[in-house]
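Inside the fold
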Amino acid sequence: NANKMWGGRFAASPADVMQEINVSISFDKVLAPHDIRGSKAHAAMLSEAGIITKSDAREILKGLDQIAAEIESGKFVFSEELEDVHMNVESRLKELIGAPAGRLHTARSRNDQVATDFRLYVRDAADGIIQSIVGLQKALVAKAETHAAVVMPGFTHFQPGQPVTFGHHLLAYVEMLGRDRGRFQDARRRLNECPLGSAALAGTSFPIDRAKTAEVLGFDRPMANSLDGVSDRDFALEILAAASIAAVHLSRLAEEIVIWMTPQFGFIKLSDRFTTGSSIMPQKRNPDAAELVRAKIGRIAGAFQGLLMVIKGLPLAYSKDLQEDKEATFDALDSLRIGLAAMTGMVADLEPVEEAMRAAAGRGYSTATDLADWLVRELKMPFRDAHHVTGTIVKAAEDRGLDLEDVPLDVMQAVEPKITKDVFSVLSVENSVKSRKSYGGTAPQSVAKMARAWARRLEKD
Ligand code: ARG
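As recorded by an unreviewed UniProt entry, the chain carries the name Argininosuccinate lyase and is attributed to Hyphomicrobium nitrativorans NL23. Per UniProt, the chain has the following entry under Pathway (unreviewed entry): "Amino-acid biosynthesis; L-arginine biosynthesis; L-arginine from L-ornithine and carbamoyl phosphate: step 3/3."

Right under this line is the structure:
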């Protein structure tokens, strides 16, 4: 037989380069457990529908279980000549049970088979990621609760803006991750329809029960159009889009960890468990884990862009282009998984250096807004005038090399005679954060309350 798979029609073996470009087993073998799960559901349905005999179905199911065990124990030999995971499994089934193996592919094509396998894989990965996001949220909430009142600088333009608390800063990421989780959950709902039974593209003449296989595989329903079933990968695109956004969030936090770790900032300490040394500079402690989390977005957004381009302009239904959907998707979802795990570890590990944060919080006239607000509240000044008066006082402080808290009252009164010594009460960073009691604001009490509410909510997830 000249061709291992398509002997009937083919007189010659593929060119070496044909095999090289076509073969997918090196990466699609991770689909094997899903492929076997799909095949078992299909075989059971075929026999229930009277399309194959009960005894053939029994043989097939037994054989598939054995293959699953062989794969799990690492004994299974994957062959490049057999192209992909589907042909590898089926060919082993033939070795094990003989003739009945040939009946498994009744009313099925590799097109609906791979679409089903890939959906099952992406669904599992999404479920894992959803759980990992919850894990990271819990770690952040625990830190936020402990450090609800630790004052640090809040930045705009990466210049000191107004003091905030460390807990408040961490809870911002909890909110972002909450939306990330929602995006994965939404995408999963749309993903959860079963393409199996679409066959090659047009459906099948056999009386299959698609509702049955869909149910057995944990899908909500069969997909309603066979052409759509075998040819769209929007479910993977949505998950990759959600993954990209989540990875962007992780990269922002990772970047902050890198900055906070520098001696110039010195806002946090990260233990040896999440840092590395240098092979030449003995003094170094580098935040490599944070740097790698910061970088993972490259692969993840790359996978999203890559798959968009694969699908763009592809006429219905299946084309081999669609084999290019897998490698980068697997890599991207795995990258997000490891990124979430590393970030969770770092967040649990890191400790704020309170004195450094507090000192930095007071630098850069960060309570100038509090002074302006005081003028509005106590002297009934319009905010725009208060802004101008405060700016002039900041300039005076700057000229004298003083922090705002240390500017003498008479210097302030030279700018605005109605200012009294009461003003100093609003100029400390502690009082500044305490006063930000508006909903969603940084007041330590509100932060602690928000952290507790999140902790309760996450308990249930
Ligand atoms: N390995 C193929 C893929 O990943 C399986 C489907 C092959 N179908 C086909 N008509 N050649 O897409």
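This part is about the packing of aromatic side chains. Taken as a whole, this structure holds nine aromatic pairs when the rule is applied. For the ring pair Phe118 and Phe330, a centre distance of 6.0 Å and an interplane angle of 75 degrees mean the geometry is edge-to-face. Highlighted residues: Phe118 in helix α6 (residues 110–146) and Phe330 in helix α12 (residues 326–349), separated in sequence by 212 residues. For the pair Phe118 and Phe330, a shared accessibility class is recorded, and that class is buried. Residues Phe155 and Phe158 carry aromatic rings whose centres are separated by 5.0 Å and whose planes lie at 35 degrees to one another, so their mutual orientation is tilted. By relative accessible area, Phe155 is classed as partly exposed at 29%. Cluster of aromatic residues (ring-pair linked, three or more members): Phe118, Tyr121, Phe235 and Phe330. Positioned above the aromatic ring of Phe219 is the side chain of Arg123, whose terminal nitrogen or guanidinium carbon lies 4.8 Å from the ring centre. Here Lys326 stacks its cationic end above the ring of Phe118, 5.7 Å away from the centre of that ring.

This part is about the packing of helix α10 (residues 234–261) against α12. Closest axis-to-axis distance for the α10/α12 pair is 10 Å, and the angle between their directions is 35 degrees. Note on packing geometry: the crossing formed by α10 with α12 is left-handed. Residues Ile239, Leu240, Ala243, Ala246, Ala247, Leu250, Leu253, Ala254 and Ile257 of α10 touch α12, and the partners they reach there are Thr329, Ala332, Leu333, Leu336, Gly339, Leu340, Met343 and Val347. Its residues assigned to classes, the contact of α10 with α12 comprises 15 nonpolar, two polar and no charged.

Another point: the UniProt feature "domain: Fumarate lyase N-terminal" (unreviewed entry) in the chain. According to UniProt, the positions carrying the feature "domain: Fumarate lyase N-terminal" (unreviewed entry) are residues 10–302. Taken end to end, residues 10–302 comprises 61% helix and 6% strand; its first and last C-alpha atoms sit 38 Å apart.

Let us now look at the nonpolar core. Judged by nonpolar contacts, the single largest core of 100 residues is most densely connected at Leu140, Phe166, Phe184, Ile257, Ile268, Leu336 and Met343. Beyond its immediate stretch of four places on either side in the chain, Phe166 contacts His147, Val150, Met152, Trp260, Ile268, Leu350, Pro352 and Met357.

Rules used in this analysis
- Residues numbered from 1 in each chain as written.
- Predicted model: local features only at pLDDT ≥ 70, side-chain atom pairs only at ≥ 80, totals over all residues.
- Heavy atoms only, no water.
- UniProt positions renumbered as here; feature names shortened; annotations may be inferred.
- Phe/Tyr/Trp six-rings, centres within 6.5 Å; stacked < 30°, edge-to-face > 60°.
- Helix = DSSP H or I, 4+ residues; strand = E, 2+ residues; numbered from the N terminus.
- Buried < 20%, exposed > 50% of the residue type's maximum accessible area, 1.4 Å probe, protein only.
- Lys NZ or Arg CZ within 6 Å of the ring centre and 35° of its normal.
- Axes fitted to C-alpha atoms, helices over the stretch in contact; angles between N-to-C directions.
- Left-handed = near helix turned anticlockwise from the far one by under 90°.
- Contact = heavy atoms within 4.5 Å.
- Nonpolar A, V, L, I, M, F, W, Y, C, P; charged D, E, K, R; others polar.
- Core = buried A, V, L, I, M, F, W, Y, C linked by side-chain atoms within 4.5 Å.

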